[in-house]
Structure formats: C-alpha cells, structure tokens
Amino acid sequence: MKRYALTLDLKDDPQLIEQYIEHHENVWPEIIASIKGSGIRHMEIYQVATRLFMMIEAEETFSFEAKGRLDAGNLKVQEWERLMDQYQQRLPFAQWGEKWVLMDKIFQL
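Since the model is a prediction, treat every value here as computed from it, not as a measurement. (Residues numbered from 1 in each chain as written. Predicted model: local features only at pLDDT ≥ 70, side-chain atom pairs only at ≥ 80, totals over all residues. Heavy atoms only, no water.)

**Overview of the overall build of the chain**
Part 1: A count of helical and extended segments in the chain gives four helices and five strands.
Part 2: Mapped from its N terminus to its C terminus, the chain presents α and β elements in the order β-α-α-β-β-α-α-β-β.
Part 3: A globule of 109 residues ought to have a C-alpha radius of gyration of about 13 Å, and the chain, at 14 Å, matches this closely.
Part 4: With respect to the principal axes defined by its C-alpha atoms, the chain has extents near 40 × 40 × 30 Å.
Part 5: A total of 109 residues make up the chain; the buried ones form 29% of that total.
Part 6: Counting only contacts in the chain whose residues sit at least 6 apart along the sequence, the fraction spanning at least 24 positions is 72%.
Part 7: Of the roughly 7600 Å² that the chain leaves accessible, carbon and sulfur atoms contribute 55%.
Part 8: Distance between charge centres in the chain, computed from 13 positive and 18 negative side chains, equals 5 Å. (Helix = DSSP H or I, 4+ residues; strand = E, 2+ residues; numbered from the N terminus. Rg over C-alpha atoms; globule rule 2.2 N^0.38 Å. Buried < 20%, exposed > 50% of the residue type's maximum accessible area, 1.4 Å probe, protein only. Contact = heavy atoms within 4.5 Å. Areas by Shrake-Rupley, 256 points an atom, 1.4 Å probe, with all protein chains shown as cover. Lys, Arg positive; Asp, Glu negative; His and termini not counted. Charge placed at Lys NZ, Arg CZ, Asp CG, Glu CD.)

So this is what it looks like as structure tokens:
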C-alpha cells in the first residue's frame, strides 16, 4: 500500500465550515464509489480551524494522474467538486488548478 498526506484550507467562515463537515458526514455514494474505483482503500480527513489534513492509503498501482482522468469524465464527481469549491480555499503556494496539496513526510517513528 502507498500512503499519501495532503492538505487544504477551508474558507474562514464558521457556517461554511459546519456545512462542509455536514457534507462529509453524508458523502454521496457515487463519490465513495469513485474513490474506491481509483484504487484508494482508506481515506481520512481531519480538520482544525480552517486547515484540513487528508490521509490516503492506496493500491501500489494508484496514481493521482489516473484518478484525475477518471474524475474528469465523471459528472457526479464534477458536481461534488463544484459544491466543495464554495467551502475550500486553496493554499497560497498551491500550483494552478491544484486543490489538495501533497505533503512530504519528514519524520517516521
């Protein structure tokens, strides 16, 4: 299994943050199917204030590029992403078009 850590910010609005959390308590079944279909076997998202942290465990064959191609052709995923955009704020150092930013592991015990 491969493991990835990613981060993203939410807009600094308590009501929007609450709504974002509510959406993630009821993720659409099509989104869950898409995540699993891309080779992701385990995903967790943590939140503190406006900062989000995502941990992904995926099959060895998983790639973000392949997932991006699958997502681009999935109308339900595109609808979900448009919905999430109203809550998310890209990090100032994110590349153009990048939402979740891949983090580097700097320590392991």
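**Topic: the nonpolar core**
Part 1: Counting 19 residues, the largest nonpolar core has Y20, I56 and W100 as its most contacted members.
Part 2: For this core, the elements supplying multiple residues, two or more each, are β1 (2-10), α1 (14-25), α2 (29-37), β3 (51-58) and α4 (75-85).
Part 3: In contact with I56, other than residues within four places in its own chain, are K2, R3, Y4, L6, I40, H42, M43 and F64. (Core = buried A, V, L, I, M, F, W, Y, C linked by side-chain atoms within 4.5 Å.)

**Looking at α1**
Part 1: Look at α1: 17 Å from first C-alpha to last across 12 residues, which is about the 16 Å you get at 1.5 Å a residue.
Part 2: The backbone nitrogen of Q15 has a side-chain oxygen 2.9 Å away, supplied by the residue at the start of α1, namely D13. (Expected span 1.5 Å × (residues − 1). Polar contact = N/O pair within 3.5 Å; in protein donor to acceptor, adjacent residues only side chain to side chain.)

**Points about the packing of aromatic side chains**
Part 1: On inspection of all chains with the given rule, the structure shows six aromatic pairs.
Part 2: When the centroid spacing of 4.9 Å and the interplanar angle of 75 degrees are considered together, the rings of Y4 and F64 count as edge-to-face. Of the two residues, Y4 is situated in strand β1 and F64 in helix α3 (residues 64-72); the sequence distance between them amounts to 60 residues.
Part 3: For the pair W28 and W80, a centre-to-centre distance of 5.0 Å together with 75 degrees between the ring planes defines the contact as edge-to-face. Here W28, found in the loop between α1 and α2, pairs with W80, found in helix α4; they are 52 residues apart in sequence, far enough to count as distant.
Part 4: Members of the aromatic cluster, each reached through a chain of ring pairs, are Y4, F62 and F64.
Part 5: In this structure, K76 packs its charged tip against the face of W28, placed 4.9 Å from the ring centre. (Phe/Tyr/Trp six-rings, centres within 6.5 Å; stacked < 30°, edge-to-face > 60°. Lys NZ or Arg CZ within 6 Å of the ring centre and 35° of its normal.)

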